[in-house]
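An overview of the molecular structure
Single-letter residue listing:
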Amino acid sequence: MNPTPQQKRFAGAVILLLVFCFLVPFFVTGTNVNRDREAVARLSDPELRGQFARQQAQEEETARLEQEARRQEEIRQRQQEAEAASRRENRDSGSDDVVIVENTQAGASQQDKDAAAAAARTEARRQETARLEAEKARAEAEKRRKNEEAQRLEREKQARLAEAKRREQDERDRRKAQELAARQSGQQRVTVINGDTRKRTEINVMTPAEAEAKRRAAAQTATAAGTPVQPVARNGEKYNVSLGVFSSMTNAQNVKNKVSGICAASIMPFNRNNQRMFKVVCGRTSDMNTIRSIQTRVQPLVGATSIERVN
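Structural notes, computed from the coordinates. Bear in mind the structure is a predicted one, so any value in this text is a computation, not a measurement.

Attention now moves to the sheet that holds strand E3 (residues 238–246). Neighbouring strands of a sheet are bound in pairs by backbone hydrogen bonds; such pairs are parallel or else antiparallel. One open sheet accounts for four strands, arranged E4-E5-E3-E6; its pairing is antiparallel. Each edge of the open sheet carries a strand with a single partner, namely strand E4 (266–272) and strand E6 (306–310). Taking each pair of neighbouring strands and ignoring which way they run, the sheet shows an average axis angle of 40°. Sheet topology note: the E3/strand E5 (residues 275–285) ladder contains six bridges and is antiparallel. Note that in E5 the partner of Val-241 across the bridge is Cys-282. The sheet strands contacting helix H6 (residues 249–258) are E3, E4 and E5, and the helix crosses E5 at an angle near 15°.

Structure (structure tokens):
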């Protein structure tokens, strides 16, 4: 027996209806897989836990008020039913007086008890909320105090470390100075480092007495040879050390670079016999001891030098 098209359509509609009846409730009644995870997050965070407690208290208060309203409504309905029953009894008995059955005292007493209980519960919730807020404030204050104490201890530690480093550096500097003084007191040569070429040159170190004796000997030799005598320092006069006269600016610049680690030299151009010349001088000062010390230190680098008075 072959089914007719009407029977096929009817069977298809029945199958679709059955599928719809089974699948729709399955999708509608799905569960929230993140519910427990959200609850754990709420309980782990103090602020969220406080908000959750306050929300729960509000929900309980709302439920209590709704329950109280329903109870009052039930009492009112019972009173209305009692009054209606009393009126029916009066009509059946033929009496015109309306007897109103009231249990005002009992109802009022029960209402007072319920109101007192509700007030007590509200006060208890308020006190619990205040206690939680106070505990939260104390916890935050304790946390701030601990953080401030930790920061203070860290600052003191850093200050102690800085002071210890400073003392160590001062001690190292003092020891270096003592070692340098000890070496210089017993040595007769020093090393001069050129600031540009970094070339190291050792020169002899003379005491002031030795330098004066050498100057006198040179003066005597110059007098005997007919060369100019080195000047003698006088108050108010200034002198410098002449490092040489050159016809080439390059040679003058080379001499200036050689003595840059000892004194700040300068190049003074001038004309001699219609020829451009360049004179290199350094150490302009009125202290003759300084001038002679500079002369002693630069002579091994540039050769013969002379002390000149500055006009």
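Before going further, it helps to spend a moment on the nonpolar core. Val-241, Leu-243, Val-280, Cys-282 and Val-298 are the most contacted members of the largest nonpolar core, which totals 20 residues. Of all elements in the fold, only E3, H6, E5 and helix H7 (288–302) reach the threshold of two or more residues within this core. Among the elements that take part in this core, H7 stands out by supplying five residues, more than any other. Contact partners of Val-280, with chain neighbours within four places excluded, come to Val-241, Ser-242, Leu-243, Gly-244, Phe-246, Ala-252, Val-255, Lys-256, Ala-265, Ser-266 and Ile-267.

About the cut-offs
- Residues numbered from 1 in each chain as written.
- Predicted model: local features only at pLDDT ≥ 70, side-chain atom pairs only at ≥ 80, totals over all residues.
- Heavy atoms only, no water.
- Pairing = 2+ DSSP bridges.
- Helix = DSSP H or I, 4+ residues; strand = E, 2+ residues; numbered from the N terminus.
- Axes fitted to C-alpha atoms, helices over the stretch in contact; angles between N-to-C directions.
- Contact = heavy atoms within 4.5 Å.
- Core = buried A, V, L, I, M, F, W, Y, C linked by side-chain atoms within 4.5 Å.
- Buried < 20%, exposed > 50% of the residue type's maximum accessible area, 1.4 Å probe, protein only.

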